[in-house]
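# Architecture and fold: a report
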Amino acid sequence: MTVTLEAAEGVGTLRLDRPPMNALDVATQDRLRELAEEATRREDIRAVVIYGGEKVFAAGADIKEMQVMDHAAMVARARALQDSFTAVARIPKPVVAAVTGYALGGGCELALCADFRIAGENAKLGQPEILLGLIPGAGGTQRLSRLVGPSKAKDLIFTGRQVRADEALTLGLVDRVVPAGEVYDQAHAWAARLAKGPAIALRAAKEAVDTGLETDIETGLAVERTWFAGLFATEDRETGMRSFVEEGPGKAKFR
């Protein structure tokens, strides 16, 4: 399998496994969508780590496969490509990308689908599609600009340049830089901590933030208001408030 899903301690690991560079061919894209949808459904998975292994996250699309595709073929494929990445972005649970080595093109776009990105000191990220006479096609023009702002996104997309982990941190492209050997462990720890949290409230928070970024503030506030009131019907809200009153903040154990 080019992508696998394993679960432990409430954390599902979506592992890219297509040596040597985890090139994202059509089969890998389709498998990624299938497993993202599985992670969404499974109740034993409460947070997700996306990982490509110790040496590389994903070096982009399979260029040899794309080279033989003409306009008609890509018109037929482009939506499925985006849908594969969108399935990851819409996992209604906390998602962290554990980035080692290259995360270029589709690899960078996949990292952008996470809620949080932990990069190794050896990481290199970028959107080099312009060097092929193309633009990012798996969400890069949209998610990158929303994350780092339009000017910084255009610099990366227009030039196709790669940035090292320290610059990626400065740009806001990644959220934490750690020694390469610690990337997965720290990503798993981040996910495991949230896996113990109130699942419905975490889903609500993610949907409210993401919806707000995609629409006007009035619509975003309406989504927030609906979720906020709705959470008063959950057991987790009762648990959290009772624990706060009786034991103080941060000690609730959610089911």
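In what follows, the structure referred to is the one given above.
Here is a short report on the structure shown in this document. All residue numbers here refer to positions counted from 1 along the written sequence of the relevant chain. Per-residue local features are limited, in this predicted model, to residues with pLDDT of at least 70; the limit for side-chain atom pairs, both in listing and counting, is 80 or more; totals at the level of whole chains, interfaces and linings are taken over all residues. Side-chain numbers come from the whole structure's heavy atoms, not from hydrogens or water.

### Re the layout of surface pockets
- In this structure, the largest pocket occupies an estimated 1,100 Å³ of space.
- Each helix is a run of DSSP H or I of at least 4 residues and each strand a run of E of at least 2, with the numbering of both proceeding from the N terminus. Breaking the lining of the largest pocket down by element, the ones donating at least two residues are helix H3 (71–89), helix H5 (140–148), helix H8 (183–195) and helix H9 (199–214).
- The element that contributes the greatest number of residues to the lining of the largest pocket is H9, accounting for 10 residues.
- Throughout this entry, Asp, Glu, Lys and Arg are counted as charged residues, while Ala, Val, Leu, Ile, Met, Phe, Trp, Tyr, Cys and Pro are counted as nonpolar. The remaining residues, Gly among them, count as polar. Class assignment for the residues of the lining of the largest pocket results in 17 nonpolar, 8 polar and 13 charged.
- A volume near 560 Å³ is recorded for the second largest pocket.
- Note on definitions: the grid is 1 Å and covers protein atoms alone; a cavity is a set of points where a 1.4 Å probe fits but cannot get out; a pocket is an open set with protein on both sides within 12 Å along at least five of seven lines; lining residues have an atom within 4 Å of a point. Forming the boundary of the second largest pocket are 29 residues, of which Ala61, Met66, Leu81, Glu129 and Leu134 lie nearest the centre.
- Those elements giving two or more residues to the lining of the second largest pocket turn out to be helix H1 (26–41), helix H2 (63–67), H3 and helix H4 (106–112).
- No other element matches H3, which puts 5 residues into the lining of the second largest pocket.
- Grouping the amino acids of the lining of the second largest pocket by side-chain chemistry returns 19 nonpolar, 5 polar and 5 charged. Grid points are joined across faces, edges and corners, and a volume is the space filled by probe spheres set on the points.

Geometric descriptors of this kind do not, in isolation, establish any biological role.
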